[in-house]
Amino acid sequence: MCQSCLSWYARCIAPYLVHAGCSANAFAHMRKRMIPRAGGIVVEVGFGSGLNLPYYDAAKVKRLVGVDPDGTMLGLAEPKTRSLPFSVECIRAGGERLPLIDSFADTVVVTYAFCTIPDPEAALTEIRRILRPLGQLIFIEHGRAERLRCRRWQERLNGLWGRLAGGCHLNRDPLRLIRAAGFRIVEEECEQFHLPFWQLGSHRAGIAAPPTG
Ligand SMILES: C[S@@+](CC[C@H](N)C(=O)[O-])C[C@H]1O[C@@H](n2cnc3c(N)ncnc32)[C@H](O)[C@@H]1O
């Protein structure tokens, strides 16, 4: 495919496909389990089309800031933000450079986005910076499969999948990335994806605490 077709696809098609894929039931049950745990001032990095919004506990969330560099995704999220009982602000920016002050957030939420963020290490450094010392990082990700056969397919499909699915990588290891950034994983869940999402490996969900001192 020529370069201009690729960039047209990335701008005009991929965000709608990613939104449709991430709206599937296969993703909803983890959202339902993890997102109500967010509280205080919440920053969601890789906010996308706002698919976590119905799962926030309004009694716990004071304010939500959704950050995503993709204007089309934020456009899909915007109508959902209007009728919520807490204030929601969308910021168009990459996770690698969050336009927020140090220790801004009580909770940072990242769902199915460390797979896509071009520099996840830099985003985790920024997440560390904006989290209060006693804050929490809630994550739901997918990544490198445990089963060898699936892992081989992930390696084979990775390039094509990335072009089709907005830059998503099949073979990243989100837990390793989170730990390498100095976070301590305090809770962890792993659950395999099934058809039609087997290529995503497993859900890797949990809570991580920023380093102390
Ligand atoms: C698979 S979607 C997940 C969206 C949403 N978190 C969800 O759970 O439905 C990945 C998201 O990461 C966003 N993204 C891409 N590059 C990013 C970056 N540098 N920083 C933050 N988010 C990014 C994409 O625009 C997209 O909205």
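Everything discussed here concerns the structure shown above.
Residues numbered from 1 in each chain as written. Predicted model: local features only at pLDDT ≥ 70, side-chain atom pairs only at ≥ 80, totals over all residues.

**What to know about the overall build of the protein chain**
- Scanning the protein chain from terminus to terminus reveals seven helices and seven strands.
- Helices (α) and strands (β) of the protein chain occur, in sequence order from the N terminus, as α-α-α-β-β-α-β-β-α-β-α-α-β-β.
- Relative to the globule expectation of 17 Å for 213 residues, the C-alpha radius of gyration of the protein chain, 16 Å, shows essentially globular dimensions.
- Out of the 213 residues in the protein chain, the part that is buried amounts to 39%.
- Here the contacts in the protein chain between residues at least 6 apart in sequence split such that 69% fall between residues at least 24 apart. (Helix = DSSP H or I, 4+ residues; strand = E, 2+ residues; numbered from the N terminus. Rg over C-alpha atoms; globule rule 2.2 N^0.38 Å. Buried ≥ 20, exposed ≤ 12 C-beta atoms within 10 Å, placed from the backbone. Contact = placed C-beta atoms within 7 Å.)

**Remarks on the nonpolar core**
- Counting residues in each nonpolar core, the largest one holds 49 residues, and the members touching the most others are V43, V45, V108, V110, I127, L137 and F139.
- Considering each element in turn, this core owes the most residues, five residues, to strand β5 (residues 131-143).
- If we ignore the near neighbours within four places in the chain, the residues touching V108 are V43, V45, I127, I130, L131 and L137. (Core = buried A, V, L, I, M, F, W, Y, C linked by C-beta atoms within 7 Å.)

**Thoughts on the pairing of strand β1 (residues 40-45)**
- As judged from the six bridges shared by β1 and strand β2 (residues 61-68), these two strands associate in the parallel manner. Counted as the bridge partner of V43 is V65 from β2.
- Of the pairings in the sheet, the one linking β1 to strand β4 (residues 105-111) comprises three bridges and is parallel in character. Looking across to β4, one finds that V43 is bridged to V108. (Pairing = 2+ DSSP bridges.)

**A closer look at the site of the ligand**
- Lining the immediate surroundings of the ligand are 22 residues, of which G46, G48, D70, G94 and G95 lie closest.
- Residue composition of the shell around the ligand, grouped by class: twelve nonpolar, seven polar and three charged. (Near = placed C-beta within 6 Å. Nonpolar A, V, L, I, M, F, W, Y, C, P; charged D, E, K, R; others polar.)

**Observations regarding the pairing of β2**
- A large share of β2 lies buried, amounting to six of its eight residues.
- Summarising the sheet, β2 and strand β3 (residues 87-92) pair through six bridges and their orientation is parallel. For G66, the partnering residue across the bridge sits in β3 and is C90.
- For the crossover from β2 across helix α4 (residues 71-81) to β3, the handedness is right-handed. (Right-handed = clockwise from strand over helix to strand, strands pointing away.)

**Description of the sheet that holds β2**
- Reading across the sheet, the seven strands line up as β3-β2-β1-β4-β5-β7-β6 and stay open at both edges, with mixed pairing between neighbours. Two strands in the sheet have a free side with no partner beyond their single neighbour: β3 and β6 (184-192). Ignoring which end each strand starts from, the neighbouring axes of this sheet average 15° apart.
- Lying over the sheet, helix α3 (residues 25-34) contacts β4, β5 and β7 (202-209), oriented at roughly 165° with respect to β5. (Axes fitted to C-alpha atoms, helices over the stretch in contact; angles between N-to-C directions.)

**Re the environment of A208**
- You can see A208 is positioned in strand β7.
- By the C-beta count within 10 Å, which is 25 here, A208 ends up buried.
- As a C-alpha pair, A208 and G182 span 26 residues in sequence and 9.7 Å in three-dimensional space.
- Setting aside residues no more than four positions away along its own chain, A208 makes contact with L137, F139, I178, F183, R184, I185 and V186.

**Here we look at unusual backbone geometry**
- In this model, L195 is joined to P196 through a cis peptide bond whose omega is 5°.
- Locating P196 in the fold gives a position in the loop between β6 and β7.
- Non-glycine residue S103 carries a positive phi angle of around 55°.

**A look at α3**
- Residues of α3 that are buried include every one of F27, M30, R31 and M34, and no others. Angularly, the buried residues of α3 cover 105° about the axis, an arc narrow enough to put them on a single face. Away from its buried face by more than 90 degrees, α3 exposes N25, H29 and K32.
- In this structure, the buried residues of α3 make contact with α2 (14-22), β4, β5 and β7. (Arc of directions from axis to C-beta.)

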